[in-house]
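Chain by chain, the residues:
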Amino acid sequence: WLIHRLDRTVGGLLIFARNKKYAGILSEYVKERLVTKEYYAVVDGEAEGGVLENLIFKDARAGKAFIVDRERQGTKPARLSYRSLATAETEKGAKTLVYVTLETGRFHQIRAQMSHIKYPITGDGKYGSRDNRAKNLALMASHLAIDLPNEKVDVSRLPDVNTYPWSLFGIEEYDL
């Protein structure tokens, strides 16, 4: 059983349960925000890091999420923190490798929030990136951790460091 999802264009780690009983338990952990979910991303521009706390609205017809200024039907709070790991200059301008920790898990949350502050994910034309050199969206679910009653599950995975834009950075150097 699949416990949570990733956007189709995002790579990385997912949680699966072997049976229905544990699917229910793990789903509750996700709902109660007891699962740590962290991502690598490459963004267009020179991002410094910070905390983003917004209201997000999912427009199902447009297949897109929007950051809005006030509550209305369908809005949900969205919160994440991110930190800058490195910046690289390219012919398409500066790129920043960031590490994102999700505190809520909303539809296209990272993509919408980063775009809202003018740092779209590299390769994400839907949210404002003009860099089409990336074959995939430069967003990777890289770390999942969950404290279960009898064990701690903690897994990490790096993006493919041989592909653009990940190849701009020595990701394996960072102690996260």
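Refer to the preceding data block for the structure.
Residues numbered from 1 in each chain as written. Predicted model: local features only at pLDDT ≥ 70, side-chain atom pairs only at ≥ 80, totals over all residues. Heavy atoms only, no water.

K.L.:
What's the story with the pairing of strand β3 (residues 49–59) in this structure? I'm lost.
P.N.:
Each regular strand carries side chains that alternate between the two faces of the sheet. Across 9 bridges, the pairing between β3 and strand β5 (residues 75–90) is antiparallel. Within the sheet, the bridge partner assigned to E53 lies in β5 and is R79. Summarising the sheet, β3 and strand β4 (residues 64–68) pair through 5 bridges and their orientation is antiparallel. Directly across from K58, in β4, lies its bridge partner A65. Hairpin connection, β3 to β4: the antiparallel pair is bridged by 4 residues, and G63 has positive phi, about 65°. (Pairing = 2+ DSSP bridges. Helix = DSSP H or I, 4+ residues; strand = E, 2+ residues; numbered from the N terminus.)

K.L.:
Would you explain the pattern of salt bridges in this entry?
P.N.:
If charged atoms from side chains of opposite charge come close, those side chains can pair. Tallied over the entire structure, the rule returns 9 salt bridges. Among the salt bridges present, the one from D131 reaches K95, with a minimum N-O distance of 2.9 Å. Taken together, the residues span a long stretch of sequence, with D131 in the loop between α2 (109–116) and β7 (139–147) and K95 in strand β6 (residues 93–102) at a distance of 36 residues. Three or more residues joined by partner-sharing salt bridges are found here, namely R5, D7, R111 and D124. (Salt bridge = Lys/Arg side-chain N within 4 Å of Asp/Glu carboxyl O.)

K.L.:
So what exactly am I meant to see when it comes to the layout of surface pockets here?
P.N.:
If you roll a probe as big as a water molecule over the atoms, it shows you where there is empty space left. Here the largest pocket is characterised by a volume of approximately 650 Å³. Considering the residues around the largest pocket, the lining is formed by 29 residues, among which K37, T104, G105, R106 and F107 are closest to the centre. Mapped onto the lining of the largest pocket, the elements with two or more residues apiece are α1 (20–31), β2 (35–44), β3 and α2. Take the lining of the largest pocket: its biggest share by element is 4 residues, from β2. Looking at the lining of the largest pocket, its residues break down into 12 nonpolar, 7 polar and 10 charged. Its volume calculated, the second largest pocket comes out at about 470 Å³. Around the second largest pocket, the lining is made up of 18 residues, and of these F16, L26, L148, E151 and V153 lie nearest the centre. Counting only elements with at least two residues in the lining of the second largest pocket, the list comes to α1, β7 and β8 (152–156). Its residues assigned to classes, the lining of the second largest pocket comprises 14 nonpolar, 2 polar and 2 charged. (1 Å grid on protein atoms, 1.4 Å probe; cavity = no way out; pocket = protein on both sides within 12 Å on 5 of 7 lines; lining within 4 Å. Points joined across faces, edges and corners; volume = space filled by probe spheres on them. Nonpolar A, V, L, I, M, F, W, Y, C, P; charged D, E, K, R; others polar.)

K.L.:
Is there a simple way to explain the environment of L148 in this structure?
P.N.:
Mapped onto the elements, L148 comes out in the loop between β7 and β8. On the basis of relative accessible area, L148 is assigned to the partly exposed category, the value being 24%. Spatially, the C-alpha atom of L148 lies 37 Å from that of K95, the residues being 53 residues apart in sequence. Ignoring sequence-local partners within four residues, the contact set of L148 consists of L26, Y29 and V153. (Buried < 20%, exposed > 50% of the residue type's maximum accessible area, 1.4 Å probe, protein only. Contact = heavy atoms within 4.5 Å.)

K.L.:
So what exactly am I meant to see when it comes to the nonpolar core here?
P.N.:
Burial of nonpolar side chains together is a common tendency in soluble globular proteins. Core analysis: the biggest nonpolar cluster contains 30 residues, and Y39, Y82, L97, I110, I121, L139 and W166 have the highest contact counts within it. Mapped onto this core, the elements with two or more residues apiece are β2, β5, β6, α2 and β7. When neighbours within four sequence positions are excluded, Y82 is seen to be in contact with A47, E48, G49, G50, L52, V98, Y99, V100, M114 and I117. Residues L13, I15, A23 and Y29 belong to the second largest nonpolar core, which totals 10 residues. (Core = buried A, V, L, I, M, F, W, Y, C linked by side-chain atoms within 4.5 Å.)

Honestly, it's all geometry; don't read function into it.
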